[in-house]
Amino acid sequence: MTFTVLCSFVLAFYVVIWFFNSLFKSCMHYPYYAFLEGTGLKIGIFNFSWTTTAFNRFLYRWSKNLTRVLRKWFTCGYYFTVWLFLPFSLWILLTFIFEHFYETIQINSMPEIRGVLPGVNIPTSDFWVYFLAIGMSSIFHELGHALAAAQEDVQLIAVGVYVFAIIPIAFVQLNTEHLNSLAITKRLRIYCAGVWHNVVMAFMAMLLFFSAPILFNIAYETDMGVKVVDFTEDSPLKEARGFNIGDVVTSVNGCDIKNANDWSYCLHIAHDRYGICTSAEFIAQNDEIMMETVKENDIVECCRKDDLYSFCFEYMEPKVVIDSVLPGQYSCLKPRDMVKNKLIKCTESNGYSCPRSMHCLKPSLNNHTYLIIIERKDDNAVLYLGLPHDLYETVFIDQYFPRISLLSFFSPSHLEKLLRYIFIFSMGIAFLNVVPCYGTDGHHIAKSLIQILAKYLNKNGDFVTFFTVFTVVVGTGVTIPILIYLFYKEIFVGN
C-alpha cells in the first residue's frame, strides 16, 4: 500500500463519517446530540475524539495509595527532564540544523532522525503495530500527567483519545485554576511527568527488546539462521527463482548468518566487491566466451545476449603471481555452477588471492549492481543481481524457530517489532514535548523555568511574558519547519 492509496482510504473514511454525521444532525437532531454528549464523542474535519470521566476515581485512588513512591518518582522525572533531557534535546535540534544546512560543518555523532509514515517507510503489514505503539506511548505519557496532577490534588476533568487522520493521541483535561495556583516546582513535576514516562517506557522497551532471545529461549531456538516469512508486493525475490516462504538463510556472500543482527550486518557488507575462486579445470570445461564487446558504461560483456544465466567474469591479479592469468582477460561462466559446491571469495583487501590451481574471477558489473549469493538450508543458493538494500527492505525474516509446532502461530519477532516501534514513538513524543513549541509540555516547562529565573533576578511579569513568548516563537519556528522537512524528505525524496 503506497502513501497515495493510504491517503485515499483516509479521505474516503472521513467523507463517510462527515456524511452520516451531517445526516443524523439534520434528521435526528435531539437524539443524536444526546448520543454524542452521553458517549463523549466529537467529530470534526479529519479528526474525532472521545472523552470520559470513568477513570477519574480510579486514578485518584491509585495515586493516593502510592503517595510516597509516586512523589519520589515524579521528583526524579522533574530533575531528569529539566537537567538532562531538555539540554540533550536542544543539542539534537541544533546539531540537526547545523548538519543539514551548513555543509562545511561535519558532525559524525549525530543520531539519525527520520519521519515515520505508514505506507512510506513502514510496510503495510506493520500498520497494526504502528497504531498500537503510538497509542500506548501516548496513553502512558498522559498517565504520567494524570497521576502527577492527582498527587498535587489538581482536579481531573476528563481523559480521552483524539484521532487526527490516522494518528491516535491521548489527552488529560485538568482544572487550569487549580494547576496555576500550585508552586512552580509542583507544576514542573506535572508538566515533566509525561516526558519522564515516555523516556522510561522507551528504556524498558529497549531492555525487553535485547532480552527477548533469553526470555523466549525455553520455547524458541535461535542462532540457526533466519527464516523468510513474507515479502513486500514489489519484492524482486519472490519470483520462481527467488525465495519460498519458510526458507532458512544461512549466509550472504559467504558471511554466516545466525540471527537477525547477522542478516543486517551481512547485507551491509554485501556492498564490498569480491571475486569467486574458480578452478582452472572448471573454467576450461564451462567457459562460453564470445567476442568481447565494451558497453557505453565501460562494462565488458563477453557472453551471448540471449544467455540469461551466464555472467562475464574478469581475471584478477593475485598477490602472489604464480601460474596466474593477467588482468584484462575474461571468461563467460554460470555463477550458479561456480558456487554449487562451496563459495570461496577473493577480495581486494587480501590481494584477490586464491588456493593453488584456482583463479579469482570478479563479475563485470556497473557501480550500482551487485552479485549477491544467498545460501539456503537444504536448498540451492539464490543468486540476486541488484542492491543489498532491496533484500533488506522487501524480504521479511524471523530469527525464532519454535521448539514445538503448537507455538508456530506466534513468534517473538512480533513482540520485538512492537517494542522497536514503542521505543521510536516514545522517544519521539518525549522529544516533541520537551522542546518549547506552542501547545506542548515544553511550552509550559519553559514558562515555569523562566518564572523561576525571574524570581531569582527579582523581575516582574513583563520579563516572564516577553521571554516566554520569545522562547516559544523561536522553538515553534524551528521545530515545525524541521518536521515538515523530515516528512517531505520521506515522501518525495527518500523513496
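Use the structure listed above.
Residues numbered from 1 in each chain as written. Predicted model: local features only at pLDDT ≥ 70, side-chain atom pairs only at ≥ 80, totals over all residues. Heavy atoms only, no water.

Engineer: Which residues make up the overall build of the protein chain, and what values go with them?
Structural biologist: A count of helices and strands for the protein chain gives 14 helices and 19 strands. Residues counted as buried form 41% of the 495 residues belonging to the protein chain. Excluding contacts between residues fewer than 6 apart, the proportion of contacts in the protein chain whose partners are at least 24 apart in sequence is 68%. In the form shown here, the protein chain has an accessible surface area of approximately 28600 Å², with 62% of it arising from carbon and sulfur atoms. (Helix = DSSP H or I, 4+ residues; strand = E, 2+ residues; numbered from the N terminus. Buried < 20%, exposed > 50% of the residue type's maximum accessible area, 1.4 Å probe, protein only. Contact = heavy atoms within 4.5 Å. Areas by Shrake-Rupley, 256 points an atom, 1.4 Å probe, with all protein chains shown as cover.)

Engineer: How would you explain the state of the cysteines if you had to name every residue and give the values?
Structural biologist: Counted under the stated rule, the structure contains 5 disulfides. Between Cys 255 and Cys 266 runs a disulfide, and the two sulfur atoms are separated by 2.0 Å. One quick way to see it: the torsion about the S-S bond of Cys 255 and Cys 266 is about -65°, and its sign makes the bridge left-handed. Of this pair, Cys 255 sits in strand β8 (residues 255-256) while Cys 266 is found in helix α8 (residues 260-269), placing the two residues 11 residues apart along the sequence. According to the relative accessible area criterion, Cys 255 is buried, its value standing at 13%. Judged by relative accessible area, Cys 266 falls into the buried class, the value being 1%. A sulfur-sulfur separation of 2.1 Å characterises the disulfide bridge that pairs Cys 277 with Cys 354. Between Cys 277 and Cys 354, the S-S dihedral sits near -85°, and the bridge is therefore left-handed. (Disulfide = S-S within 2.5 Å.)

Engineer: Before we move on, can you summarise the environment of His 444 with the specific residues and values?
Structural biologist: Mapped onto the elements, His 444 comes out in helix α13 (residues 441-457). In this structure the C-alpha to C-alpha distance between His 444 and Tyr 191, which are 253 residues apart in sequence, comes to 6.8 Å.

Engineer: Talk me through the environment of Phe 24; I want residue IDs and the actual numbers.
Structural biologist: Within the secondary structure, Phe 24 sits in helix α1 (residues 3-27). Once residues lying within four places of it in the same chain are set aside, the contact partners of Phe 24 are His 29 and Tyr 32.

Engineer: Give me the side chain of Ser 331: which residues, what numbers.
Structural biologist: Among the structural elements, Ser 331 can be located in strand β13 (residues 330-333). At a separation of 2.8 Å, a polar atom in the side chain of Ser 331 contacts the side chain of Tyr 315. When sequence neighbours within four positions are dropped, the list of residues in contact with Ser 331 reads Ile 283, Asp 287, Ile 289, Cys 302, Phe 311, Cys 312, Phe 313 and Tyr 315. (Polar contact = N/O pair within 3.5 Å; in protein donor to acceptor, adjacent residues only side chain to side chain.)

Engineer: Could you give an account of helix α7 (residues 184-215), with specific residues and numbers?
Structural biologist: A rise of 1.5 Å per residue sets the reference length of α7, with its 32 residues, at 46 Å; its end C-alpha atoms lie 44 Å apart and thus fit the reference within 8%. Bending of α7 peaks at approximately 40° at the position of Cys 192. (Expected span 1.5 Å × (residues − 1). Bend = angle between axes of the 7 residues up to and from the residue.)

Engineer: Tell me about the nonpolar core, residues and numbers included.
Structural biologist: It is characteristic of soluble globular proteins that their nonpolar side chains tend to be buried jointly. Counting 23 residues, the largest nonpolar core has Val 154, Leu 156, Leu 174 and Ile 190 as the members making the most contacts within it. Only α4 (67-101), α5 (127-151), β3 (156-164), β4 (167-174) and α7 provide two or more residues apiece to this core. Residues within four places of Ile 190 in sequence aside, it is in contact with His 145, Ala 148, Ala 149, Glu 152, Val 154, Leu 174, Leu 179 and Leu 182. Counting residues in hydrophobic clusters, the runner-up holds 20 residues, among them Cys 266, Ala 270, Val 382 and Tyr 384. (Core = buried A, V, L, I, M, F, W, Y, C linked by side-chain atoms within 4.5 Å.)

Engineer: Account for a nonpolar patch on the surface, naming residues and giving values.
Structural biologist: Together, Phe 203, Met 204, Met 206, Leu 207, Phe 210, Phe 423 and Ile 424 give the surface a local cluster of nonpolar side chains, amounting to about 650 Å² of exposed area. For the nonpolar patch, the elements supplying multiple residues, two or more each, are α7 and α12 (412-434). With 5 residues, α7 is the single largest residue contributor to the nonpolar patch. With respect to the element layout, Ile 424 can be found in helix α12. Ile 424 sits in the partly exposed class, given a relative accessible area of 36%. (Patch = residues over 30% accessible without salt bridge, like charges linked within 9 Å, V, L, I, M, F, W, Y side chains within 5 Å. Salt bridge = Lys/Arg side-chain N within 4 Å of Asp/Glu carboxyl O.)

Engineer: Which residues make up the packing of aromatic side chains, and what values do they have?
Structural biologist: Counted by the stated rule, this structure contains 26 aromatic pairs. When the centroid spacing of 5.2 Å and the interplanar angle of 85° are considered together, the rings of Phe 13 and Tyr 14 count as edge-to-face. Plain terms: the ring middles of Phe 311 and Phe 313 are 6.4 Å apart, the flat faces sit at 40° to each other, and that makes the pair tilted. Accessibility classification places Phe 311 together with Phe 313 in one group, the buried group. Ring pairing ties together the aromatic residues Trp 73, Phe 80, Phe 85, Phe 88, Trp 91 and Trp 196, which thus form one cluster. Between the NZ or CZ atom of Arg 273 and the centre of the ring of Tyr 370, over which it lies, the distance is 3.9 Å. (Phe/Tyr/Trp six-rings, centres within 6.5 Å; stacked < 30°, edge-to-face > 60°. Lys NZ or Arg CZ within 6 Å of the ring centre and 35° of its normal.)

Engineer: So what about the sheet that holds strand β9 (residues 275-279)? Which residues, and what values?
Structural biologist: Spatially, β13-β12-β15-β9-β14 is the arrangement adopted by the 5 strands of the open sheet, whose pairing is antiparallel. Looking along the sheet, the strands with just one partner apiece sit at the ends: β13 and β14 (345-346). Relative to strand β15 (residues 358-363), β9 runs antiparallel, the two sharing 4 bridges. When the sheet's bridge partners are listed, Thr 278 is paired in β15 with His 359. (Pairing = 2+ DSSP bridges.)

Engineer: Account for the pairing of β13, with residues named and values stated.
Structural biologist: Of the two faces of β13, the one lined by Tyr 330 and Cys 332 and the one lined by Ser 331 and Leu 333 are each fully buried. Two elements, strand β12 (residues 311-315) and β13, share 4 bridges in a ladder whose sense is antiparallel. Bridging from a neighbouring strand, Cys 312 pairs with Cys 332 of β13.

Engineer: Give me the lowdown on the pattern of salt bridges, citing residues and values where you can.
Structural biologist: Following the criterion strictly, the structure yields 7 salt bridges and no others. Salt-bridge contacts for Asp 153 lead to Lys 64; the nearest nitrogen and oxygen are separated by 2.8 Å. You can see Asp 153 sitting in the loop between α5 and β3 and its partner Lys 64 sitting in helix α3 (residues 56-65), a full 89 residues away along the chain. With a shortest N-O distance of 3.9 Å, Arg 403 and Glu 221 are connected by a salt bridge.

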